[in-house]
Every structure is written in structure tokens, then in C-alpha cells.
Amino acid sequence: MSYEVRLQVFEGPLDLLLHLITRKRVDIYEVSIATITEEYLAAVASADELDLESSTGFLVVAASLLELKAARLLPSNAQDPEAGDLLEERDLLLARLVECATFREAGAWILVRMELGMAYHARRAPLEDQFVVAAPDLLAGTTVIDVAHAAAAALAPKPSVEVDTSHLQPIRASVREAIADIATRLGARKQMSFEALCDIHLERIEIVVRFLALLELLKAGALELGQTERFGTITASWTGEVGVDEVLADVEEYAGDREVRA
Amino acid sequence: MTDDRKVIEAILLLASEPVPASAIGEVLERPRAEVTGALQELADGYTAEERGFVLREVAGGWRLYTSPDCAPWLERFVSRGGAGRLTTAALEVLAIVAYRGPLARSEIAEIRGVDSDGVVKTLLQRELLKIGPADQGPPMLFSVSEEFLERMGLRSTADLPSLSDFMPDAESVEDMEAKLSPRG
Amino acid sequence: MTDDRKVIEAILLLASEPVPASAIGEVLERPRAEVTGALQELADGYTAEERGFVLREVAGGWRLYTSPDCAPWLERFVSRGGAGRLTTAALEVLAIVAYRGPLARSEIAEIRGVDSDGVVKTLLQRELLKIGPADQGPPMLFSVSEEFLERMGLRSTADLPSLSDFMPDAESVEDMEAKLSPRG
């Protein structure tokens, strides 16, 4: 459940979309693009790296999602040529998602198969002495250039596959934990500003998670939120009508809380 | 036929890479099909007799391997370095190239929806991908290597299970479709 | 005992040098005498079954050899390039030793990331590597032989082309490292 694992999941925009869409309870209609964006930004920010291609790719996916969402809000009209385009685009996107899911499964199978293969060891013994004379000239056709190429390939610095995350503080952001924490603090003080609830949490992802937790508590009726002006302070007031356990029982799983499937 | 079997066994012991049935056929002056039959018999025999070695057809040829049952005892005789676990991304690229290869870098990126150069490079270094087939112009194309096929225990990419085995089931595709669809 | 036989067979297949009975005994946690008995039984069995391989006790241990009856066919197989060719692995070891030698076995294995004893042995046997320079203690170090230098048209390893000209697109490696490293 470490954050690096999530980064693997979010590497590609198609992966990201697939991940979001295959999460059982997520419906494009219900998911807020802003939430997805926050999640994505949080993932990118925590990696301390910006991969331009995948970010641009994300914008494309986000734009398609917006378009699809917009289409769902409007009454469907088969006569509308633009709706036809949209359907085609949707089919295309769906096809790509299915393809992406298929290769991901195939990759998982390859892993299993390779690990089974590790139990087989091939014979690598050198040629028996008596046959050495019969063997063709080992160096036939080999030039000093071939040797140089082979040496360069073998001695070249090997880039590491894994993103080095040793410099990062491990971030353990769970919506469930945030709910429990908010409930404890709010239950005691009855009313607090969102800022106050976040004061000890500097990481961006944790602020996002706290906000999600507030929304969950609001949905459950455990608290009320007030905001007097746009961008003003958000105040949370504890209603005392719902217990934390009830809220937690209903909480949707968020990506950060989930084990990665593959 | 007994003699042929004997020579085939000797050849397999001597070889340091998978031996194609045709190469054995040339040495024995026997048709390839006959040799393949004898190889298959040998392989079945080793398994039936619970030998410490098995004969497998991989990467276009036949090769002797130690029986996987013995692996725990063999640890101190072998070190297979660089066997670090592959990332999900690397496995996905391997799958794409195994099924769709030879492919250019850009084609791999297109299927995955994300730039994959780093992953391709790592897989080349671990000799799981290779550049080729040889007689190509730009763009550079990538295929899975013989090393990959050997480790997977496959004769060739034609032996890969059908890709449809890995497709999400109809229900999840419908589900995905529903989530992408405008409301009726 | 069946299981022991199986593991012994696997060890013999894997070994690139004669294996002492005591070494097998350590793996199996059996007394040496018992292992020697099992080895003798195996050897007798191979002969009785007219296998293509024989098990012989030679200086220092037991080793699988091809059956002498098969020699004519094996020579043919080898001369057609069926075995004993310069494999990618062998070329790599040769290249590493040429540029970085003298090196110990363990250093070669470390650079390549895989156990390389079999390949080193082949190259020694073919006199492309030599043990030396002479005035050394353990560990044994390897250098390229005069035969190799002569074949490559070199007076000494100092005449090898500069490696920097051959580094695989150094630019893309740098590029990737930059992408992977944290900003600022």
C-alpha cells in the first residue's frame, strides 16, 4: 500500500482512466474531474518529477472525460452529428481501454510464467575437451569493433528502473484515518475551520485526503460545512447525530487505501 | 532407433543452447519429423522416470534443464543475478511486444498511452527484448529475445496463449462502456 | 533414495566441472559414502540403459560425459557449429576482460550480473583467455591471450579502440537519468 505502488498504477493516463473506471463504484457521471485531477497532481507532486508526456496525456484524458460528462448531462439526440462523433470517440476510447486492460493481464501472466521458469536451470557446461578441435574457429568473423561494441554494452552505466523514492517521506494518507482523526478533534471542539483541521498536515496529498474525509462526514450527516464567501474559510460543525463507526462503514474505498491488483 | 536416441541424448548434453530438431536431423541424416518424435519420446521418458533433468522445447530448439523440483537444492550451484522483479510497466511492454512485435518505440507508446522509452531500454539491457528482426531500416523495431522465450518456456511467440484469454470479461467491458456512455 | 538420485542428477547436469561426492553430500546432508554409492548406481544405470551420456569419476569428482560411442556424430554436430560457437555471452566476457582485465571470476560475474564460470572455462579452453599476469596470488585473475590479440590485429590491449566511441547512445542514458532524478 506504499505510495510508490500507486505511482506504478498512475504511470499512464490510460492506466489512470482504466483504474478509475474499473473501480466498481466510480461512475464518470459522479466522479468529479477536480477530484481526479487532485489525485493525479498529488501523485505527480509526491514523485518530485514531472513527466511531460504523461501529463499531457492526462490532460487529453481529462478533456475526454469532461466531454463525456457533458454528453451525459444533455438529452441524447441521435440526429445530432456531433453526438455521433462523440459516440465514435467513446468507442475508440473504450477499445483502447480494453486493449490496455488486456495487456496488463497478459503482463501479469508473463510474471507468473517467468517466475515458474526460474526453477529450470539450463545446462551451461563448456564443450568437452575432445571436441574442441572439431569446433569452428570461435573468432571467425569477429572484429575488434564487435569487441568494442560488446564491451560498451556490458560496461555502460545501467539506468535503474525504479524511481528512487528514498528521499521522500513515506506518505500514509488514508481517508478512513482522516475521518477518525477529524471526528475525534471535532467531537471535542464542536466547531473548527478546515485550516485548523489541516494545520499539522503539510503534505498536499494529506490536505486533499482531509477534504475528502470532510465530504464523507458531510454526506453521512455527521457534520455541517459552512462557507460565508467564495474562497472563504470553511467551517465544520459537529452535529453529534451520527457515530464515526457508521460513517466508516459507508466510506468508499479510495485509491490510496487499496492494494494494487496487478 | 535406439542408436538415434543415444546420439540425440549425447548431442543435448553437449549443446550450450537450444538445439533445433533440424540440426539433429542433419547430423543423423533423418527427417526432421522423425527426430522431433524421438525428442518428444525422450522428454516424456525423463518425466516418467522422474529424472533430475527435463527436456523442453524452447526458443526454437530443445534443451536440457534441471527438474524444477530440484531447484531448492541447486541454489548454491547457480546464481542468476539481475533477476530483480520487473515492474508492472515492464511486464506490460513485454506483453505488448510479445503479442504485437516487432514494434517501434512509438507504437509501444501509443498502445500504452504513455512514453515507454525508459522501460524499453531496461528490457533491452536485461536481454528480454532485442532489436530486430535484423534486416530492418529505421525506425528501430523491437522483438522479444530468445532469452525471454527460454525463461517463459515457449517455443516461439506463436505458442503464447490467445490474447482473448486476458481480455476483461463481457460484464466488465459492458460496465466500462456504461460508465463511458451518455445517459439514454 | 529416489529423491536423492533426482537431485544428484540435477547437480551433475548443472556442474561445469567435476563435482566431488562430498560436495553433493553437503547439499543433500548425506554421508559421503552413501552419495558415492548413489553415484555409482547412476553410472551403472546409464551404461545399462545405453544412454547417450555416461557418468565418470575423474580427478576430483564426478562428471557427465557424452558416450564415446556417439563421438563421430558429435564431431559432426560440433563442426557444423552446433556447439562451441562464440555466443553473445562469450563475446561479452571476452570484451569485458579485454577492456578491464585482469579480472577475477567474481568481478566478471559482478559486471555481467550473471554467473559466468562456464563461459570463462570455454574461453580458457579455446585459449582466448589466459590465467595471468603470472605473478599473482589468489584470487585467480584472467587476461586476454596473445592468441586473441593477434587475431584482433592488436599489439596489446592498449591498442583497443576507445570505448567512449561505442557507448550505446550515451545521450539517451543521460536523458533518462535526468528524467528519473528529482528536480532541484
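Residues numbered from 1 in each chain as written. Chains lettered and ligands numbered in written order. Predicted model: local features only at pLDDT ≥ 70, side-chain atom pairs only at ≥ 80, totals over all residues. Heavy atoms only, no water.

Draft legend 1. Layout of a nonpolar patch on the surface. All names here are of chain A. Taken together, Phe211, Leu215, Leu218 and Leu225 make up a surface patch of nonpolar side chains, about 290 Å² in accessible area. Among the elements that make up the nonpolar patch, the one with the highest residue count is helix H10 (residues 204-220) (three residues). Along the chain, Leu215 falls in helix H10. Judged by relative accessible area, Leu215 falls into the partly exposed class, the value being 37%. (Patch = residues over 30% accessible without salt bridge, like charges linked within 9 Å, V, L, I, M, F, W, Y side chains within 5 Å. Areas by Shrake-Rupley, 256 points an atom, 1.4 Å probe, with all protein chains shown as cover. Salt bridge = Lys/Arg side-chain N within 4 Å of Asp/Glu carboxyl O. Helix = DSSP H or I, 4+ residues; strand = E, 2+ residues; numbered from the N terminus. Buried < 20%, exposed > 50% of the residue type's maximum accessible area, 1.4 Å probe, protein only.)

Draft legend 2. Summary view of the packing of aromatic side chains. Here the structure, examined in full by the defined rule, presents six aromatic pairs over all chains. Aromatic pair Tyr120 of chain A and Tyr65 of chain B: ring centres 6.1 Å apart, planes at 85°, arrangement edge-to-face. Remark: Tyr65 of chain B occurs in strand S2 (residues 61-66) and Tyr120 of chain A occurs in the loop between helix H5 (81-117) and helix H6 (129-132); the pair is interchain, linking two chains. Aromatic pair Tyr46 of chain C and Phe53 of chain C: ring centres 5.1 Å apart, planes at 90°, arrangement edge-to-face. When sorted by exposure, Tyr46 of chain C lands in the same class as Phe53 of chain C, which is buried. One aromatic cluster is present, formed by Tyr46 and Phe53 of chain B together with Tyr46 and Phe53 of chain C through successive ring pairs. Geometry around Tyr120 of chain A places Arg56 of chain B over its ring, the cationic atom sitting 3.6 Å from the centre. Between the NZ or CZ atom of Arg56 of chain C and the centre of the ring of Tyr65 of chain C, over which it lies, the distance is 4.6 Å. (Phe/Tyr/Trp six-rings, centres within 6.5 Å; stacked < 30°, edge-to-face > 60°. Lys NZ or Arg CZ within 6 Å of the ring centre and 35° of its normal.)

Draft legend 3. The arrangement of the sheet that holds strand S3 (residues 103-104) of chain B in detail. Residue and element names in this part refer to chain B. Read from one edge of the open sheet, three strands run S3-S5-S4, paired in antiparallel fashion. Looking at the sheet topology across the chains shown, the edges are occupied by S3 and strand S4 (129-131). In this structure, S3 lies alongside strand S5 (residues 141-144), joined through two bridges in antiparallel fashion. Bridging from a neighbouring strand, Ala104 pairs with Leu141 of S5. The sheet contacts of helix H5 (residues 88-100) involve S3, S4 and S5, and relative to S5 the element is tilted by about 95°. (Pairing = 2+ DSSP bridges. Contact = heavy atoms within 4.5 Å. Axes fitted to C-alpha atoms, helices over the stretch in contact; angles between N-to-C directions.)

Draft legend 4. Seen up close, the pairing of strand S5 (residues 141-144) of chain C. Here strand S4 (residues 129-131) of chain C runs beside S5 of chain C; their pairing, made up of three bridges, is antiparallel. From the neighbouring strand, Lys130 of chain C faces S5 of chain C, where its bridge partner is Ser143 of chain C.

Draft legend 5. Inspection of the environment of Arg100 of chain C at higher detail. By the secondary structure assignment, Arg100 of chain C is in helix H5 (residues 88-100). A relative accessible area of 43% means that Arg100 of chain C is categorised as partly exposed. Between the C-alpha atom of Arg100 of chain C and that of Thr157 of chain C, which follows or precedes it by 57 residues, the distance is 9.4 Å. Apart from residues lying up to four places away in sequence, Arg100 of chain C is in contact with Leu155 of chain A together with Leu163 of chain C.

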